[in-house]
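Chain by chain, the residues run as shown.
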Amino acid sequence: TRERSKVLPRAGWMVMGVRGRSSALDVCRVLAVLLLLFPGVSLQCKILRCNSEFWASTSSSGQEEEFCTALRAYNSCVRRTARCRGDLAYHSAQHGIEDLMSQHNCSKEGPTSQPRARTQLPPLPPPLQPDSQERSDGPEICHYERSLARAAQPNYTHCGFFGDPHLRTFGDDFQTCKVEGAWPLIHNKYLSVQVTNTPVVPGSPATAPSKLTIIFKNFQECVEQKMYHAETDELPSAFADGSKNGGERHGANALRVVEQVPGQHVVIQARYIGTTIVVRQVGRYLTFAVRMPEEVVNSVEEGDDQDLYLCLHGCPANQRIDFRNFRARAAEAQGSGRSPPHGFTYQSARAKCKERLPVEDLYFQSCVFDLLSSGDINFTMAAYYAFEDVKMLHSNSKRYHIFEKEAFKGGAAQTAAGLLPLLSLLAVFFWTECCSVRL
């Protein structure tokens with residue numbers, strides 16, 4: 001039988017000891033709280049991977065011997081993060097392991113087999129066609145489309161972020177940006193997404209996504225607050241607390257993580273808000289793509305300033321890169337016979353990108369820009385997968401491709417719109433001056 005024991009304070013860390021399989025779950029929950037408080041430090045220590053593997057290997061374990069084996073494997077995994085000995089989560093995990101070993105009479109010596117392979121979930125159905133199992137699971141409010149009036153059809157929008165980096169906003173504006181460091185992509189009543197970009201090569205303004213944090217907020221009887229964090233060489237198949245769905249509520253399956261390709265491709269399905277998120281690692285960097293109803297995109301919290309959210313308004317003007325000028329300089333350098341700084345000439349970059357992106361749209365142009373600015377051939381695949389995600393997530397097949405003239409026409413329109421208030425002020429000024437002269 002499972003009995004709750006007393007709270008065990010130890011070295012500033014407290015663990016609620018629970019006998020049986022729920023002991024592991026409590027450790028994971030406590031570590032998840034610590035990860036939320038100290039995400040930058042603890043995730044560098046790879047504690048998250050140890051935590052997720054331990055949870056996966058004990059979630060279906062019924063025998064004490066198997067639990068002890070998993071616990072020793074967990075201990076071994078944590079000890080390999082020795083460079084993190086100054087980190088709170090590292091010490092918390094160590095103390096938690098010692099407590100659990102004591103509770104279950106586990107020996108520190110013994111087999112430490114690798115965690116058993118987790119069962120692969122079936123591929124996701126198209127976003128607009130929930131499968132029959134989920135159709136009958138959970139309250140109606142936990143399924144976005146079913147909660148709408150029968151006649152209402154949501155208008156889905158798409159945002160993508162990839163490469164050096166390139167941004168496609170919910171409004172289908174396409175921009176190339178600097179945005180070094182941490183920047184918010186999305187923030188509304190239901191979720192927040194933040195990306196961290198690091199320089200690709202010294203001396204270049206180009207950066208690329210190396211970290212991504214997604215927080216799904218607590219929502220009625222559907223889901224508990226969940227955090228998903230990915231970074232270079234760390235693309236988890238679960239949330240930070242080791243779970244793969246929205247928690248223990250009746251509608252928890254309305255939020256789930258599905259690993260499509262281990263370490264390379266993860267899909268997060270949030271059916272309660274009609275949202276699908278795709279996260280990939282291509283080479284050393286991450287890509288992000290989302291499909292979201294317009295109603296959810298615009299669900300702004302009261303008093304919240306939305307100006308900085310990249311998916312909604314694009315990059316600030318002082319962070320944008322005009323790759324037409326960059327491309328012109330590269331073509332000029334090739335004509336003068338100068339050696340290209342990163343190994344690709346303008347023509348060789350075009351030829352390479354053409355292999356995967358035959359249509360010369362802005363995904364093709366972004367690929368050329370990335371090869372010229374970094375020489376990293378993996379950016380070819382980043383642009384290719386970004387476009388594949390568009391085909392899966394964008395609701396309008398006629399808008400899959402965006403061409404250069406459209407993008408810069410949009411930019412000119414935005415510039416003109418920005419000048420309208422100034423022109424109005426000037427008109428009022430001259431009208432006032434004219435009237436004063438007549439008087």
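Described below are features of the structure shown in this document. (Residues numbered from 1 in each chain as written. Predicted model: local features only at pLDDT ≥ 70, side-chain atom pairs only at ≥ 80, totals over all residues. Heavy atoms only, no water.)

1. Comments concerning the nonpolar core
Formed by 44 residues in total, the largest nonpolar core has its most connected members in L185, I186, I214, F216, I268, Y272 and F288. For this core, the leading source of residues is strand β13 (residues 285-293), giving 4 residues. Those residues in contact with I268 that lie beyond four places of it in its chain are I214, F216, Y228, F239, L255, R256, V257, T275, T276 and I277. F162, L372, A386 and Y400 belong to the second-largest nonpolar core, a separate cluster that totals 23 residues. (Core = buried A, V, L, I, M, F, W, Y, C linked by side-chain atoms within 4.5 Å. Buried < 20%, exposed > 50% of the residue type's maximum accessible area, 1.4 Å probe, protein only. Helix = DSSP H or I, 4+ residues; strand = E, 2+ residues; numbered from the N terminus. Contact = heavy atoms within 4.5 Å.)

2. Focus: the pattern of salt bridges
Scanning the model with the defined rule gives 9 salt bridges in all. For the salt bridge of D241 with K226, the shortest nitrogen-to-oxygen distance reads 2.6 Å. In this pair, D241 is assigned in the loop between β9 (226-231) and β10 (255-261) and K226 in strand β9, connecting sequence segments 15 residues apart. Across the salt bridge formed by E360 and R350, the nearest N and O atoms sit 2.8 Å from each other. Pair noted here: E360 is in the loop between α11 (346-354) and α12 (362-374) and R350 is in helix α11, with a separation of 10 residues, a long-range link. In this structure E360 comes out as partly exposed when scored by relative accessible area, which is 33%. Residues participating in the shared-partner salt-bridge network are R168, D172 and R399. (Salt bridge = Lys/Arg side-chain N within 4 Å of Asp/Glu carboxyl O.)

3. Looking at helix α13 (residues 378-393)
Its 16 residues place the ends of α13 22 Å apart at the C-alpha level, agreeing with the 22 Å of an ideal helix rising 1.5 Å per residue. Considered for burial, the residues of α13 that qualify are F379, T380, A382, A383, A386, F387, D389, V390 and L393. (Expected span 1.5 Å × (residues − 1).)

4. Looking at empty space enclosed by the protein
If you walk through the whole model with that rule in mind, you get 4 cavities of 30 Å³ or more. Taken as a whole, the largest cavity spans an internal volume of roughly 60 Å³. Along the walls of the largest cavity sit H158, G160, F161, F162, R168, T287, F288, A289, Y363, A386, D389 and V390, which together make up its complete lining. Elements with a contribution of two residues or more to the lining of the largest cavity: β3 (156-162), β13 and α13. Looking at the lining of the largest cavity residue by residue, the class counts come to 7 nonpolar, 3 polar and 2 charged. When residues are assigned to domains, the lining of the largest cavity turns out to be shared by domain 2 (140-319) and domain 3 (323-406), each giving three or more. By volume, the second largest cavity is sized at about 50 Å³. N75, R79, Q94, I97, E98, M101 and K108 together form the lining of the second largest cavity. (1 Å grid on protein atoms, 1.4 Å probe; cavity = no way out; pocket = protein on both sides within 12 Å on 5 of 7 lines; lining within 4 Å. Points joined across faces, edges and corners; volume = space filled by probe spheres on them. Nonpolar A, V, L, I, M, F, W, Y, C, P; charged D, E, K, R; others polar. Domains from an automatic or database assignment.)

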